[in-house]
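Observations on the three-dimensional arrangement
What follows is the residue order along each chain.
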Amino acid sequence: MAAPTELSGWFPAIAIGVTFLKCLLMNTYHSTDFEVHRNWLAITHSLPVSQWYFEDTSEWTVDYPPFFAWFEYCLSHVAKYFDKDMLVVQNLNYASPATILFQRLSVIFVDVVFFYAAQECCKTVADNKVKEILTKPSFVLGVLLVWNFGLLIVDHIHFQYNGFLFGILLLSIARHCQNRHLEGALLFAVLLNLKHIFLYIAPAYGIFLLRSFCFKSNNSDGSIQWRSFSVARLAALGTIVLSVFALSFGPFIAMGQLPQVLSRLFPFKRGLCHAYWAPNIWALYNVADKALSILGVKLKVLDVDKLPKASMTGGLVQEFQHSVLPSVSPLATLVCTLVSIMPALLHLWLRPRGAKAFVRCVAICALGSFMFGWHVHEKAILMAILPLSLLAVESKEDARIFLVLSTTGHYSLFPLLFTLQELPIKVLLMVLFTLFAFTSLKTLFSKEGCLLSSAEALYLAGLLPVEVLCEWVYPLTAWQSTMPFLPLLFTSGYCALGVTYSFITLYLSLLTHQGPKHKDKSQ
Amino acid sequence: MENWSLVSLCVLLALTTRWAVSFNSYSGADKPPMFGDYEAQRHWQEVTYNLPVHEWYFNTTENDLNYWGLDYPPLTAYHSLLCAYVAKLINPEWVELYTSRGYESPAHKLFMRATVLVADILIYIPAVVVYCLYLAEGSFKKKVSTIFCILLYPGLTLIDYGHFQYNSVSLGLALWGVIGLGLGRDMLGSFAFTLALNYKQMELYHSLPFFCYLLGKCVKQGLTGRGLLLLVKVGGTVLVTFALCWLPFLSDSQQILQVVHRLFPVARGLFEDKVANTWCSLNVLIKIKTLMSTGSQLSLSFVLTLLAALPSSIKLLTRPTLWQFKLALVNSSLAFFLFSYQVHEKSILLPALPVCLLLSDIPLVALWFLQVSTFSMLPLLLKDGLLLPYAVTSMAFLYLGLFLLSALQRSTDEQLHLQPYHTLLSIVAPCLPRLNLGLITKWKVRAERWVAL
């Protein structure tokens, strides 16, 4: 394990600094997610538990697991001191100044969890007696996590509670790196009951805990030693996870509401892609379908009238009908996802290489589900970027993947903030983060030559003209009113290339990476 | 990490803060019939765009001077004209004569904020970077910290991006003047400062040290030889710059007189609103504003201002160094702020600029002053609905200032330059207990060490 790192000086400074920035962003634009969370505050505050998953006055029904509802319940008891009217279910789209202040402050305040987690993550990084603060890997990691561009704009402008949730994820990962596996498992079980999207990385957790925790030792060649299986450890693990789930879902099972709760949590009626297409395989698939249908019509192979009317404009959740390629069912996406993460899981089982290999597997699971999942939100890319930050400061190869993935992934978040007023702030924050990531990682690995190949650098530099074209030039043209979706489609397609590329390179690095000679083999 | 990227990160952070502040309200938002400074700036665009130059400063049927008439020097008017051309391109309604009065819309707010940002990026921010890199002392890291702290000074950000004004232009030009003089490019420096003076007449607060420094330098080089040449060159630069700025008004003496009359509105009284200077404070006890005639108020304030600025100016004449120059700038601008006629609360930004330049030399006192200066504008900021950005930016500035410049660690009497003050105090009032500021601040450091133990 790495030697404990001295964080006392700079860590509070970067955390307090970013908190000031978050406070300044309070008056910026907020999305409908603001109303979603206000509605949840109102529901959990004014209705009995049995009504939480049935209430549907607002279209934004509670669709997070029970722990998150309880979290909103706790918040609502502070909220009543700010403005009681926000806690009335019928007050749709209520956004008084006190409500905004409270909701914004609640996000900023619960980010303390994220700070603590980031600090614990920084402690797991070896600094190798580097004296200069700016070139310490732990410092770079601290800034990459705490100042993460995606979290800043998604949580503090767009409005969500991701910082708090990712804080628990990172803390759980840090605990695994510190060999405190039971704590890590407990935290992850809690996290699953706060937001079920983390189910995507649950396979990595399951395999890792079973293989590296329940089996106490390996053979000398790293293969599994069947006799070292510890029933006590499995029992402890099982008790922890099951009791957390019992605590969360127990009351609803007792009330016989489980099917209703599950139908709220997994709304498969939504379409394959979110309103704005997340940059994944399906975005490329849709683009290909669209291109083929246009081509088909031009070549008179297809009949225009027989094509389904594909609506590609933004709006609420809608279904996109494919005209040439076969339509994709939820089951197909699930199978694709599982197939995509299977090699990584197998590798984790057959060749366990300690906690950092586990982190890599988590990132791959997150990316795999992002690439192939059903109705993926663009925000889900953060689930891969944040864990990958931990690896980026320790090896040059991972730093390279991180730079490509974080830059494209973050850029793909741009359409979240579409108002002209927020344009400068998102560009500034993005440049700030990207500049820091590039220069600091370059300094960390200055002895090992160039980080990016020229093709990668060219691709990333291409984001600049994409931005200028899509957000500066296109709105001035006449097409803006007739085809407003075109920039989104282009952005999504361009970013999908980068994300796919990082997925493949990350996979290759997992399968070929030899690791630092079983340095932190689990005991 | 490379040096350039550290500087760029600082500048990017400063820009982010500025734009984040600009999301807030501005002065006079939704307050007819007069609105506030925001409307004043918009109105100047309207006037300069639609009226011929010779009517800008005159009360005519089409130019009602009682409604935010132009009362800044010609450069401000030209700047407004430039902005007006851009505004006309985007939306002609914004600068329509008469009908645009009190025009407010989110798009227009965005445009106005953007004009401030552009001016800031072009003038003030590069000036701060150049100043710190070439004229501040210490390691590179310390220079970067100083850049960051100066750029984050909340007073200027709040007034320019919250309340709404273009102080970064005049202050930036004045700072380019300081840089010019500091680097020995006296003509460039005096050119920049003359531009500043022609952008905002309040830059007169800084003019005495500029004059004394240059004159002192000429004297030092010998008024018969090289010094005379320098004097002629500098004098020529100033005159030519002035003439160029005032060119459209030079045709008629009536024009010049009217502009001067608009720039120095004696009728507006000794001070305005709640301003943290001598007259406003004294007015609580003695009603000077009503007791004395305007003429005697004027001469009293003039004499007192001159008296207060004189000692540092004389010293600067005899010892024209950059350090003395910076101190004299603080002294002179504060003398003007405290004693001169018709001072606004926003004028505290003028002393704040040279104090910012002292941040790397005497961090504790400078931070202290800058905090107080921002606080002194609180009534104004409250009126504009800027409490939240005020609280956040000034706390951030205090924290980062203390952290980056390690202000509390460098607080001995010597480092705080308090020795002359002690000497003075012991002569003037020997019976007073000796105030040891260094000891007080050191106490905090000791307490921290105790906690650490």
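Residues numbered from 1 in each chain as written. Chains lettered and ligands numbered in written order. Predicted model: local features only at pLDDT ≥ 70, side-chain atom pairs only at ≥ 80, totals over all residues. Heavy atoms only, no water.

Once that is clear, we can look at the overall build of chain B. When helices and strands are counted, chain B shows 21 helices and zero strands. Against the globule reference of 22 Å for 453 residues, chain B gives a C-alpha radius of gyration of 23 Å, in line with a compact fold. Considered along the principal axes of its C-alpha atoms, chain B spans approximately 70 × 55 × 55 Å. For chain B, the proportion of contacts with a sequence separation of at least 24, taken over those separated by at least 6, is 73%. About 19,800 Å² of surface is accessible on chain B, with carbon and sulfur atoms providing 70% of the total. Within chain B, the 26 negative side-chain charges are centred at a point lying 13 Å from the centre of the 32 positive side-chain charges. (Helix = DSSP H or I, 4+ residues; strand = E, 2+ residues; numbered from the N terminus. Rg over C-alpha atoms; globule rule 2.2 N^0.38 Å. Contact = heavy atoms within 4.5 Å. Areas by Shrake-Rupley, 256 points an atom, 1.4 Å probe, with all protein chains shown as cover. Lys, Arg positive; Asp, Glu negative; His and termini not counted. Charge placed at Lys NZ, Arg CZ, Asp CG, Glu CD.)

For chain A, the count of helices and strands is 21 helices and zero strands. Computed over the C-alpha atoms, the radius of gyration of chain A is 23 Å, within 12% of the 24 Å expected from 2.2 N^0.38 for a compact globule of 523 residues. Along the first, second and third principal axes, the C-alpha set of chain A runs to 65 × 60 × 45 Å. The proportion of buried residues among the 523 residues of chain A is 56%. A fraction of 77% describes how many contacts in chain A between residues 6 or more apart in sequence connect residues 24 or more apart. Total accessible area computed for chain A in this model is approximately 21,700 Å², and 68% of it derives from carbon and sulfur atoms. (Buried < 20%, exposed > 50% of the residue type's maximum accessible area, 1.4 Å probe, protein only.)

With that out of the way, let us pick up the interface of chain A and chain B. Put simply, an interface is often sized by how much accessible area is lost when its parts join up. Each partner contributes residues to the interface: chain A has 32 residues there, and chain B has 28 residues. Both sides together, the interface formed by chain A and chain B hides about 2,700 Å², and carbon and sulfur atoms give 80% of it. When the buried surface of chain A facing chain B is broken down by residue, A:F20, A:L24 and A:L428 rank first, second and third, together holding 24% of it. Counting across the chain A and chain B interface gives one salt bridge. Ionic pairing is found between A:E132 and B:K141, a salt bridge with its closest N-O pair at 3.4 Å. Where chain A meets chain B, there are three residue pairs in polar contact (both at pLDDT 80 or more). Contributing elements (two or more residues each) for the side of chain A that touches chain B: α1 (10-24) and α17 (423-444) of chain A. When residues of the side of chain A that touches chain B are assigned to their parent elements, the largest contribution, twelve residues, is made by α17(A). Classifying every residue of the side of chain A that touches chain B by side-chain character gives 21 nonpolar, eight polar and three charged. (Buried area = accessible area lost by both parts, 1.4 Å probe. Salt bridge = Lys/Arg side-chain N within 4 Å of Asp/Glu carboxyl O. Polar contact = N/O pair within 3.5 Å; in protein donor to acceptor, adjacent residues only side chain to side chain. Nonpolar A, V, L, I, M, F, W, Y, C, P; charged D, E, K, R; others polar.)

Attention shifts here to the domain arrangement of chain A. Residues and elements named next belong to chain A. Its domain assignment divides chain A into domain 1 (10-30 + 95-256 + 331-512) and domain 2 (281-329). Placing the centre of domain 1 and that of domain 2 at their C-alpha centroids yields a distance of 32 Å. Each side of the interface is counted separately: domain 1 has 16 residues, and domain 2 has ten residues. Buried area between domain 1 and domain 2, both sides added, is near 1,100 Å², and the carbon and sulfur share of it is 76%. On the domain 1 side of the interface with domain 2, the three residues burying the most area are M371, F485 and L489, jointly 32% of the side's total. At the junction of domain 1 and domain 2, the tally comes to zero salt bridges. Going through the elements one at a time, α13 (330-350), α14 (354-372) and α21 (486-512) are the ones with two or more residues in the side of domain 1 that touches domain 2. A per-element tally of the side of domain 1 that touches domain 2 places α21 first, with six residues. When grouped by side-chain class, the residues that make up the side of domain 1 that touches domain 2 number ten nonpolar, six polar and no charged. (Domains from an automatic or database assignment.)

The next thing to look at is the domain arrangement of chain B. Domain annotation for chain B reports domain 1 (3-30 + 104-407) and domain 2 (409-453). Taking the mean C-alpha position of each, domain 1 of chain B and domain 2 of chain B sit 29 Å from one another.

The next thing to look at is the packing of helix α4 (residues 97-123) of chain A against helix α5 (residues 137-146) of chain A. In helix packing, the relevant descriptors are the interaxial angle and the interaxial distance, both defined with respect to the helix axes. All names here are of chain A. Orientation of α4 relative to α5, taken along the N-to-C sense of each, is 155°, at an axis distance of 9 Å. Compared by their axis directions, α4 and α5 come out roughly antiparallel. In this structure, the crossing between α4 and α5 has a hand that is right-handed. Residues F114, F115, A118, C121 and C122 of α4 pack against S138, L141, G142, L145 and V146 of α5. Considered class by class, the residues forming the contact of α4 with α5 number eight nonpolar, two polar and no charged. (Axes fitted to C-alpha atoms, helices over the stretch in contact; angles between N-to-C directions. Parallel < 35°, antiparallel > 145°, perpendicular 65-115°, else oblique. Left-handed = near helix turned anticlockwise from the far one by under 90°.)

Residues and elements named next belong to chain A. Axis separation between helix α18 (residues 454-461) and helix α19 (residues 463-473) bottoms out at 4 Å; the angle between their running directions is 15°. What the angle tells us is that α18 and α19 run roughly parallel. Contacts from Y459, L460 and A461 of α18 reach α19 at L463, L464 and P465. Residue composition of the contact of α18 with α19, by class: six nonpolar, no polar and no charged.

The subject of this paragraph is the pattern of salt bridges. Side-chain pairs of opposite charge can arise where the charged atoms are in close proximity. Residues and elements named next belong to chain A. Across all of its chains, the model carries 19 salt bridges over all chains by this definition. Across the salt bridge formed by K123 and E120, the nearest N and O atoms sit 3.2 Å from each other. Of this pair, K123 and E120 both sit in helix α4, separated by three residues, roughly a single helical turn. Judged by relative accessible area, K123 falls into the partly exposed class, the value being 31%. In this structure, R400 engages E456 in a salt bridge whose closest nitrogen and oxygen atoms are separated by 2.7 Å. On the criterion of sequence distance, the pair formed by R400 in helix α16 (residues 396-411) and E456 in helix α18 is long-range, its members being 56 residues apart. We classify R400 as buried; its relative accessible area is 17%. Each of E120, K123, R175, R180 and E183 takes part in salt bridges that share partners, so that together they form one network.

So, on to the environment of A:L417. Residue and element names in this part refer to chain A. The topology assignment puts L417 in the loop between α16 and α17. Residue L417 is classed as buried on the basis of its relative accessible area of 0%. Apart from the residues within four sequence positions on either side, L417 is in contact with Y29, I153, I157, H158, E422, K426 and E471.

What follows concerns the packing of aromatic side chains. Here the structure, examined in full by the defined rule, presents 50 aromatic pairs over all chains. Ring centres of A:F68 and A:Y161 lie 6.1 Å apart, and the angle between their planes is 65°; on these two criteria the pair is classed as edge-to-face. Of this pair, A:F68 sits in helix α3 (residues 66-79) while A:Y161 sits in the loop between α6 (149-159) and α7 (162-177), and the two are 93 residues apart along the sequence. Residue A:F68 is classed as buried on the basis of its relative accessible area of 1%. On the accessibility criterion, A:Y161 (2% relative accessible area) is buried. Residues B:F193 and B:F210 carry aromatic rings whose centres are separated by 3.9 Å and whose planes lie at 15° to one another, so their mutual orientation is stacked. (Phe/Tyr/Trp six-rings, centres within 6.5 Å; stacked < 30°, edge-to-face > 60°.)

Let's shift gears to the environment of A:V107. All names here are of chain A. With respect to the secondary-structure elements, V107 resides in helix α4. C-alpha of V107 to C-alpha of N162: the two residues are 55 residues apart in sequence and 8.7 Å apart in space. Residues in contact with V107, not counting those within four places in the same chain, are D155, H156, F159, Q160 and Y161.

This paragraph deals with helix α8 (residues 181-192) of chain A. All names here are of chain A. For α8, with twelve residues, the first-to-last C-alpha span of 16 Å sits near the 16 Å given by 1.5 Å per residue. Those residues of α8 lying buried are H181, G184, A185, F188, A189, L191 and L192. Down the axis, α8 shows its buried residues gathered within 160° of arc, on one side only. Those residues of α8 hidden inside the fold are in contact with α7, α9 (202-214) and α10 (231-254). (Expected span 1.5 Å × (residues − 1). Arc of directions from axis to C-beta.)

Bringing the UniProt feature "transmembrane region" (unreviewed entry) in chain B into the picture now. Residues and elements named next belong to chain B. Taking the numbering used here, the UniProt-annotated feature "transmembrane region" (unreviewed entry) corresponds to residues 110-134, 146-164, 176-197, 229-249, 323-341, 348-370 and 390-408. Strand forms 0% of residues 176-197 and helix 86%; the C-alpha atoms that close the span are 12 Å apart. Taken as a whole, residues 348-370 contains 74% helix and 0% strand, while its terminal C-alpha atoms sit 9 Å from one another. (UniProt positions renumbered as here; feature names shortened; annotations may be inferred.)

Where nonpolar side chains cluster on the molecular surface, the patch consists of A:L331, A:L334, A:V335, A:L338, A:V339, A:M342, A:L346 and A:L350 and spans about 760 Å² of accessible area. Mapped onto the fold, A:L350 is located in helix α13. (Patch = residues over 30% accessible without salt bridge, like charges linked within 9 Å, V, L, I, M, F, W, Y side chains within 5 Å.)

Turning our eyes to something else, we now look at the nonpolar core. The biggest cluster of nonpolar side chains holds 294 residues, and the ones touching the most others in it are A:W147, A:F198, A:F402 and A:L441. Of all the elements, helix α4 (residues 106-135) of chain B adds the most residues to this core, at 15 residues. In this structure A:L441 touches A:V140, A:A392, A:V393, A:A399, A:F402, A:L403, A:F436 and A:L451, once residues within four positions along its chain are discounted. (Core = buried A, V, L, I, M, F, W, Y, C linked by side-chain atoms within 4.5 Å.)

All names here are of chain A. Within the element layout of this structure, N39 appears in helix α2 (residues 32-46). You can call N39 buried: its relative accessible area is 1%. Ignoring sequence-local partners within four residues, the contact set of N39 consists of S58, W60 and V89.

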